[in-house]
Amino acid sequence: MLEQLRRYWKLILGGAAALAVVVTFVVANSGSDEPAPSADATPTTSPAAGESVAPPTPSDSGAGDGAPVEPASRNPLTGQPLDSPSFQQVVAVRVGNGDSERPQTGLGQAGLVVETLLEGGETRFVAFYFGEQPTVVGPVRSLRPVDAAIVAPFEPLFVFSGGQDFVYRLVRAAAIDVIDEGDTQALRRTDGVPPHNLVFDFAAGMSRATGGPPAVDPIPVGGEWSATGESADTIGFTLGTRFIEYSYDEDLGYVRRQDGADFDVIGDDGPEPFVRDTVVIQFVAERSAGYSDAAGAEVPDFDVVGFGAALAFHRGEMVELTWRRGAQGSGTLLFSVDGAAFDLPTGRIIIDLLPVGTQVTFE
């Protein structure tokens, strides 16, 4: 039993790593802000800087089996019922979180945010939108090796600024529609220093969203919170070089702080705190992506297909869960400690992907 005050929670799975299919790829530098491969990597042909990579067609992706697209009756990101059935496509945007990239624009309007660790200790977000659309989202940054696996179940229009050639191939293989920096109408530069000043213009970009809602439930969301878990008004953990905190406010939800400072974002009406109704900690196995950045830091990859432990925080409470995912195109399932299927409560969510063994404190 966890202590009543300032509990200390640490997960060690020992030798039980998450299930994953590991494929070896030859890595090349695409000319974007993606880290350069190590010196012994074999060069291959990459998209030119700024070149947009066309999404795969049904004939080369295995999609397009003629099955009719079913409209969504609820928001697949938040579980909230829709006023009318929607054929809209999810939009996913890779958003930076470096010191020169804050405050981010449009991040607060995302229904779901996934945070991942980068080389060098930085973190970065994948922000998902369905229905609510900010004017712009940014700064838009490059792909990382785990991205195809993260976004595949959402079948989104995926917005990013470039990436390694083999990462493009992973995205193409998953039949994901993309907008890259070659689309100068949907992606444009603002004041600031490149590559930290690229933003996605929603009004211009939505005409590229020709797909529909996801065919599977990417995450189990839309349930009622009836947990009687441990008290958790504050949450804290270190991810890379960042110390991240969430403090529960009855009127707002979980308010994020980073490195001891407020973590405000820019909404359509100006600065606002970054707030989530539910915080999910998903423990994932970390491994090397097979190359290093220019400073010699190894680029990480994470097993988001497989199984592991998780924590869910809502309304000042925590429950322990397990997660399972059988394939890249499948949604993630959650289970309570007694093995029953668990749905996250309706509302805005952030999922922090933490390497197995990361320490999480809460009280």
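Residues numbered from 1 in each chain as written. Predicted model: local features only at pLDDT ≥ 70, side-chain atom pairs only at ≥ 80, totals over all residues. Heavy atoms only, no water.

### Some remarks on the overall build of the chain
Here is the rule: Secondary structure elements follow DSSP: runs of H or I no shorter than four residues count as helices, runs of E no shorter than two count as strands, and numbering proceeds from the N terminus. Here's how the labels work: a residue is buried when its accessible area is under 20% of the maximum for its type, exposed when over 50%, partly exposed in between, all with a 1.4 Å probe on protein chains only. Each accessible area value is a Shrake-Rupley result obtained with a 1.4 Å probe; residue values ignore everything except the protein chains displayed when judging cover.
Along its length, the chain carries four helices and 28 strands. For the chain, with 363 residues in total, the buried portion stands at 53%. Put simply, the chain shows about 15,400 Å² of open surface, and 51% of that area lies on carbon and sulfur atoms.

### Quick notes on a negative patch on the surface
Quick note on the threshold: What goes into a patch is any residue over 30% in relative accessible area without a salt bridge, connected to like charges within 9 Å or, for nonpolar side chains (Val, Leu, Ile, Met, Phe, Trp, Tyr), within 5 Å. By salt bridge we mean one thing: a side-chain nitrogen of Lys or Arg within 4 Å of a carboxyl oxygen of Asp or Glu. Here the positive residues are Lys and Arg and the negative ones are Asp and Glu; neither His nor the chain ends is included. The atom standing in for a charge is NZ when the residue is Lys, CZ when it is Arg, CG when it is Asp and CD when it is Glu.
A cluster of like negative charges, contributed by Asp-233, Glu-250, Asp-251 and Glu-363, occupies part of the molecular surface. Structurally, the position occupied by Asp-233 is in the loop between β13 (230-231) and β14 (234-239).

### Here's the deal with the packing of aromatic side chains
Selection rule: A pair of Phe, Tyr and Trp rings is counted when the ring centres sit within 6.5 Å of each other, with Trp represented by its six-membered ring. The angle between the planes then sorts it: under 30 degrees is stacked, over 60 is edge-to-face, the rest tilted.
Inspection of the entire model under this criterion finds 12 aromatic pairs. When the ring of Tyr-248 is compared with that of Tyr-254, the centres are 5.2 Å apart and the planes differ by 50°; the resulting orientation is tilted. With a relative accessible area of 24%, Tyr-248 lands in the partly exposed category. Using a relative accessible area of 0% as the deciding quantity, one classes Tyr-254 as buried.

### Quick notes on the sheet that holds strand β7 (residues 136-137)
Sheets are built from strands that pair by backbone hydrogen bonding, the pairs being arranged parallel or antiparallel. Our working rule: Between any two strands, pairing holds if DSSP finds at least two bridges.
Within the open sheet, the three strands sit side by side as β7-β11-β10. Their pairing is antiparallel. In this open sheet, the two strands that pair with only one neighbour each are β7 and β10 (187-189). Here β10 pairs with strand β11 (residues 198-201) via three bridges, running antiparallel. Within β11, the residue paired with Arg-188 across the bridge is Val-199.

### Quick look at the pattern of salt bridges
Summed over all chains, the structure comprises 17 salt bridges. In this structure, the salt-bridge partner of Asp-277 is Arg-348, at a minimum N-O distance of 3.2 Å. Note that Asp-277 is positioned in the loop between β20 (275-276) and β21 (278-292) and Arg-348 in the loop between β26 (344-345) and β27 (349-355), a separation of 71 residues in sequence. Taken together, the shared-partner salt bridges connect Asp-99, Arg-102, Glu-122, Arg-242 and Asp-259 into one network.

### Here we look at the pairing of strand β22 (residues 298-303)
Counting buried residues along β22, five of its six residues qualify, which places the element largely inside the surrounding structure. Relative to β22, β21 runs antiparallel, the two sharing five bridges. In the sheet register, Ser-288 faces β22, and the bridge partner there is Pro-300. As consecutive antiparallel partners, β21 and β22 are separated by five residues, and within that stretch Gly-296 has a phi angle of approximately 90°, a positive value.

### Some thoughts on the pairing of strand β5 (residues 112-117)
Of all six residues making up β5, six are buried, and the element is well covered by its neighbours. The side-chain alternation of β5 yields two buried faces, one formed by Leu-112, Val-114 and Thr-116 and the other by Val-113, Glu-115 and Leu-117. Pairing of β5 with strand β6 (residues 123-129) involves six bridges; the strand directions are antiparallel. Bridging across to β6, Val-114 finds its partner in Val-126. Pairing between β5 and β27: four bridges, direction parallel. By the bridge assignment, Leu-112 is partnered in β27 with Ile-349.

### Thoughts on the environment of Arg-94
Keep this limit in mind: Under the rule applied, a polar contact is a pair of N or O atoms within 3.5 Å (in protein, one hydrogen donor and one hydrogen acceptor; residues adjacent in sequence only if both atoms are side-chain atoms).
You can see Arg-94 is positioned in strand β4 (residues 91-95). Taking the C-alpha atoms as reference points, Arg-94 and Phe-158, 64 residues apart in sequence, are found 8.0 Å from one another. Looking at Arg-94, its side chain comes within polar contact range of the side chain of Thr-116, at 3.1 Å. Looking at Arg-94, its side chain comes within polar contact range of the main-chain oxygen of Arg-124, at 3.5 Å.

### Some points on the confidence of the model for the chain
Our working rule: Residue-level confidence of the predictor is summarised by pLDDT, bounded by 0 at the bottom and 100 at the top. Two residues qualify as a contact provided that any one of their heavy atoms is within 4.5 Å of a heavy atom in the partner residue.
When pLDDT is averaged across the chain, the result is 85; 81% of the residues are at 70 or more. Note that pLDDT drops below 50 for residues 1-32; the model gives that stretch 85 contacts with residues more than four away or on any other chain. Scored below 50 in pLDDT, residues 37-66 shows 51 contacts in the model against residues more than four places distant or in partner chains.

### Notes on the side chain of Thr-332
Take Thr-332: it is sitting in the loop between β24 (317-325) and β25 (333-336). Discounting chain neighbours no more than four positions away, the residues touching Thr-332 are Pro-218, Ile-219, Pro-220, Trp-323, Arg-324 and Arg-325.

### Section: the environment of Ala-295
When you line up the elements, Ala-295 lands in the loop between β21 and β22. Overall, the relative accessible area of 73% leaves Ala-295 in the exposed class. For the pair formed by Ala-295 and Gly-120, sequence separation is 175 residues and the distance between their alpha carbons is 8.6 Å.

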